[in-house]
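Breakdown of the fold
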Amino acid sequence: MTVQTPTIYNFSAGPAILPESVLRTAQAEMFDYNGTGFSVMTMSHRSDVFMSILYHAEQDLRQLMGIPDNYKVLFLQGGASAQFNMVVMNLANGFKRVDSVVTGNWSRIAHSQMGKLSDVDVHLAAHGGDLFNYTDLPAPETWDVDPKSAFVHYCINETVHGLQYRDIPKPNDNMPPIVCDMSSEILSRPINVSDFGVIYAGAQKNIGPSGATIVIIREDLLDRCSDRIPDVWNYKSHVNKQGMYNTPATYPIYISGLVFRWLQSQGGVTPMQTINALKAKILYDAIDHSGGFYINNVQPQARSQMNVVFHTATPELDELFAQESTTRGLRMLRGYKTMGGMRASIYNAMPLQGVEALIDFMQEFQRRYG
Ligand SMILES: *Cc1c(COP(=O)(O)O)cnc(C)c1O
């Protein structure tokens, strides 16, 4: 009997799926980038060739997100986790307080880190639930923020708990500048960059490989960056050196640039939003119409369109689901280590067919074990 190899769909939360065409281009260019005779991995970050890759990656990101001219764009290292502290080091000088909204795993870690190496008061402005039990999002109107705080930090899409702010808080006179962790949803839908003081995102969720962290910062906030901050952690130093203060993550930036071009070829973030909404809808519908076999406890208005968490009645059945789905080519569906259950990350690069294949399997699994 011949067993047909199934198509592989990668539901990893991060590092995560990349468009196949991007990987094929990288493969084709691996040994010889654009006639240079060598790989992007092996060229100086100060070479004209790499400077051009960086320049175009930034321009394409600006085009895709509609980033205004008064915002700077950096590709840093250290992941989103380094930003938890960099935003405080750079933006809270001379301020007494930063406001912090905790709605899940990542904003909770950010909250716990932001006060380190700083005297600033990290004020809990809003909290989304009990520890490990985040099922709803506190509306921005209810956040207890002070306009005199250095900023308010929140996470727009909680990758682990599967929650996403659909509505973007609007800046107003009662709101300090908004700092947003956009790691797991950047470029999944149109947003208005001008609503934010700082946007940051690790690339490895919805953009490219790990190693590059995008920071988009409103120019006037750079005045807050003290010269006493070591240059490697200082936004202003990176901006003044055009992102070349030290060696940037050249290869991840190159791949990210290929992903930006792929997104442009798909028509940009507006069509992405349509398809992302459809993928999420059919998956949540499958969960909600399973008669309670599959469970998602997040309030409907707070459900993430990027990371869909669900579980069955028992951890044993969840484990069986994870094992059997793997043999069907549906990969990396296990939930986060502290969460258990399942998590399907359905980022931009996940085709609709992948979600349909997952739903087919869910229904078949339920017929056998339901
Ligand atoms: C993955 C993730 C992080 C941590 O990213 P690192 O690059 O590992 O530091 C932070 N915030 C969110 C929302 C994430 O999804």
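One structure accompanies this document, and this report is about it.

The next thing to look at is unusual backbone geometry. The peptide bond linking glycine 14 to proline 15 adopts the cis configuration, its omega dihedral lying at -10°. For leucine 187, which is not glycine, the phi torsion reads 70° and is therefore positive. Inspection of the secondary structure puts leucine 187 in the loop between strand S10 (178–181) and strand S11 (198–202). Leucine 187 sits in the buried class, given a relative accessible area of 3%. With phi around 60°, methionine 332 is a residue other than glycine that occupies positive phi space. By the secondary structure assignment, methionine 332 is in the loop between strand S14 (330–331) and strand S15 (342–345).

A separate point is the site of the ligand. The ligand sits among 13 residues. The nearest are Ser81, Thr159, Asp181, Gln204 and Lys205. A distance of 3.3 Å separates an oxygen atom of the ligand from a polar backbone atom of alanine 80. Measuring from a nitrogen atom of the ligand, one finds a side-chain N or O atom of aspartate 181 at 2.6 Å. Coverage of the ligand by the protein amounts to 87% of the 390 Å² it exposes when considered alone.

Moving on, we come to the nonpolar core. By size, the foremost hydrophobic cluster in this structure holds 61 residues, and its most contacted members are Met65, Tyr154 and Leu187. Split by domain, this core shows at least three residues from each of two domains, domain 1 (9–19 + 267–369) and domain 2 (25–265). Setting aside anything within four residues of it in sequence, one finds leucine 187 in contact with Leu61, Leu64, Met65, Asn206, Ile207, Phe260, Leu263, Val269, Met272 and Asn348.

We now examine the pairing of strand S4 (residues 121–127). Inspection of the sheet shows strand S3 (residues 97–102) paired to S4 by 6 bridges, in the parallel sense. Note that in S4 the partner of serine 100 across the bridge is leucine 124. This β-α-β element, S3 to helix H4 (residues 105–114) to S4, shows right-handed connectivity.

Let us now look at helix H6 (residues 250–265). Taking 1.5 Å as the rise per residue, H6 with 16 residues should run 22 Å; its terminal C-alpha atoms sit 23 Å apart, in good agreement. Looking at the residues trailing H6, positive phi occurs at glycine 267, about 100°.

Here we take up the packing of helix H7 (residues 269–288) against helix H9 (residues 352–369). Between H7 and H9, the least distance of the axes is 10 Å, while the angle of their chain directions is 0°. Taken together, the axes of H7 and H9 are roughly parallel relative to one another. Two secondary-structure elements touch here, H7 through Ile275, Leu278, Lys279, Ile282, Leu283, Ala286 and Ile287 and H9 through Leu352, Val355, Glu356, Leu358, Ile359 and Met362. Split by residue class, the contact of H7 with H9 holds 11 nonpolar, no polar and 2 charged.

As a further point, take a nonpolar patch on the surface. On the surface, Val232, Trp233 and Tyr245 cluster together to form a nonpolar patch covering roughly 260 Å² of accessible area. Examined against the element boundaries, tryptophan 233 turns out to sit in the loop between strand S12 (213–218) and helix H5 (235–240).

The rules behind each value
- Position labels on residues start from 1 in each chain and follow its written sequence.
- Whole-chain, interface and lining totals are the exception, using all residues; otherwise, since this is a predicted model, local features are given only for residues with pLDDT of at least 70 and side-chain atom pairs are given and counted only at 80 or more.
- The basis for the side-chain values is all heavy atoms of the structure; hydrogens and waters are excluded.
- Strands here are runs of E lasting at least two residues and helices are runs of H or I lasting at least four, both read from the DSSP assignment and numbered beginning at the N terminus.
- Only protein chains enter the accessibility calculation, which uses a 1.4 Å probe; a residue whose area is less than 20% of its type maximum is buried, one above 50% is exposed, and one in between is partly exposed.
- Any residue with a non-hydrogen atom lying within 4 Å of a molecule or strand is treated as near it.
- Any pair of nitrogen or oxygen atoms within 3.5 Å is treated as a polar contact; in protein, a donor-acceptor pairing is required on top of that, and neighbouring residues in sequence qualify only through side-chain atoms on both sides.
- Surface exposure here means Shrake-Rupley accessible area, sampled with a 1.4 Å probe, where a residue is shielded only by the protein chains that are shown.
- Among buried residues, the Ala, Val, Leu, Ile, Met, Phe, Trp, Tyr and Cys ones that are joined through side-chain atoms within 4.5 Å form a nonpolar core.
- Segmentation of the chain into domains, including their bounds, is taken from an automatic or database domain assignment.
- Whether two residues touch is decided by their heavy atoms; if any such pair falls within 4.5 Å, the residues are in contact.
- Strands were regarded as paired on the criterion that DSSP finds at least two bridges between them.
- Whether a crossover is right-handed comes down to one check: with the strands pointing away from the viewer, does the path from the first strand over the helix to the second run clockwise; if it does, it is right-handed.
- Helix span is expected to be 1.5 Å times the residue number reduced by one.
- All axes are obtained by fitting lines to C-alpha atoms, using only the stretch in contact for helices, and the reported angles, taken between N-to-C directions, cover 0 to 180 degrees.
- Throughout this description, any angle smaller than 35 degrees is read as roughly parallel, any larger than 145 degrees as roughly antiparallel, any in the 65 to 115 degree range as roughly perpendicular, and the remainder as oblique.
- Ten residue types, Ala, Val, Leu, Ile, Met, Phe, Trp, Tyr, Cys and Pro, are classed as nonpolar, four, Asp, Glu, Lys and Arg, as charged, and the remainder, Gly among them, as polar.
- Patch definition: residues with relative accessible area over 30% and no salt bridge; like charges joined within 9 Å; nonpolar side chains (Val, Leu, Ile, Met, Phe, Trp, Tyr) joined within 5 Å.
- Each reported salt bridge corresponds to a side-chain nitrogen of Lys or Arg within 4 Å of a carboxyl oxygen of Asp or Glu.

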